[in-house]
Amino acid sequence: MTNLNILFIGDIVGRSGRKILKQKLPLLKQQYLVDFVFCNGENSAGGLGITASTAGELLSSGVDGITLGNHIWSQKIWLQQASHFRQVCRPLNAPDAWPGFDHVYIKKENHDVLLLSLLGQAFIKPVLKNPFNVIEEMLPKFKEKYRTKNIIIDFHAESTAEKITMGYFLENRVLAVLGTHTHVQTADEKILGNGTAFITDVGMTGPVNGVLGMSKIIAVERAVNLLPAMYNIEKDSYAMINAVLMTIDPIAGQTKKIERIQIFDHVFE
Ligand SMILES: [Fe+2]
Ligand SMILES: [Fe+2]
């Protein structure tokens, strides 16, 4: 029985996030014999949103599928571009009017993975349809359509409790429920039930010494002076990759192992 290795990378933030990914992903794939790579790309364009250019850059670095989140429309141009990217998906619980695709299905040789994304409802905007109701209704339809058990859910949410609850809600029904959005990797990775990988937050990929990827100087100014100041991305060249690596049994549709990955290096020069 052949196991598969799947790498899921936390929110890619700006240029340094894209650069460290390009620099390190080929080595990671080799080192861990990675079969499928997914990432969250909602901060890939200047720290907020995604564009055809940054989506293309992530895909050409070796990513197979990209999820998004609450910052999906921060770059308005994506409204026109989303429907051209079959490997990028918007949250499944979004209105039907949102352009783009609501899932990513990847097949390589004899193996396949379906990637889905859901947006939480607690302390996050926009408030979309109830993600629990939507996945309950849609999961059997996707399983039927693609005849696959290998489903990975990016649950993009602020509340830790909402994310953990989603993990147990989908226990034994999907390969993984992986939290994103808070940009800080949590140390609670585990296997739920007989094979559903879970982590509250995968973390982020980008500047190490900022505030969730944004400029620490501006963040401090905003906090101290209580004046509006435009957030900029942190310019520090020291960057990190936060990810999780999962080993799955594709026939059983179960994850055997999940481990956290953090890699640090200087980018640009
Ligand atoms: Fe994010
Ligand atoms: Fe987010």
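Just so you know, these numbers come straight off a predicted model, no measurement behind them.

*Asks:* Just to check I follow, could you spell out the nonpolar core for this structure?
*Replies:* With 64 residues, the main nonpolar core has F8, C39, I152, I153, A176, V177 and L178 as its most contacted residues. Beyond its immediate chain neighbours, meaning those up to four positions away, C39 contacts F8, I9, I12, L58, V63 and I66.

*Asks:* I'm lost on the sheet that holds strand 7 (residues 111-119) in this one. Help?
*Replies:* The strands making up a sheet associate through hydrogen bonds between their backbones, and the pairing can be parallel or antiparallel. Pairing within the open sheet is mixed, and its 6 strands lie in the order 6-7-8-9-11-10. Pairing within the sheet leaves two strands with one partner each, and these edge strands are strand 6 (104-108) and strand 10 (190-192). Direction aside, the axes of adjacent strands within the sheet are offset by 25° on average. Summarising the sheet, strand 6 and strand 7 pair through 5 bridges and their orientation is antiparallel. Paired with I106 across the bridge in strand 7 is V113. Helix-sheet contacts for helix 4 (residues 131-146) involve strand 6, strand 7 and strand 8 (151-156), and the interaxial angle to strand 7 is about 165°. Contacts from helix 5 (residues 160-169) reach strand 8, strand 9 (176-180), strand 10 and strand 11 (196-199), with the element oriented near 170° to strand 9.

*Asks:* Please clarify how unusual backbone geometry should be interpreted in this entry.
*Replies:* Note: most residues except glycine have negative phi, and most peptide bonds are trans. Geometrically, the link from K125 to P126 is a cis peptide bond, its omega value of -5° lying close to zero. In this structure, P126 sits in the loop between strand 7 and helix 4. A positive phi angle, close to 50°, is found at R147, a residue other than glycine. Take R147: it is sitting in the loop between helix 4 and strand 8. A count of 8 C-beta atoms within 10 Å places R147 in the exposed class. If you check the backbone angles, H183 has positive phi at about 70° while not being a glycine.

Criteria and cut-off values
- Residues numbered from 1 in each chain as written.
- Chains lettered and ligands numbered in written order.
- Predicted model: local features only at pLDDT ≥ 70, side-chain atom pairs only at ≥ 80, totals over all residues.
- Core = buried A, V, L, I, M, F, W, Y, C linked by C-beta atoms within 7 Å.
- Buried ≥ 20, exposed ≤ 12 C-beta atoms within 10 Å, placed from the backbone.
- Contact = placed C-beta atoms within 7 Å.
- Pairing = 2+ DSSP bridges.
- Helix = DSSP H or I, 4+ residues; strand = E, 2+ residues; numbered from the N terminus.
- Axes fitted to C-alpha atoms, helices over the stretch in contact; angles between N-to-C directions.

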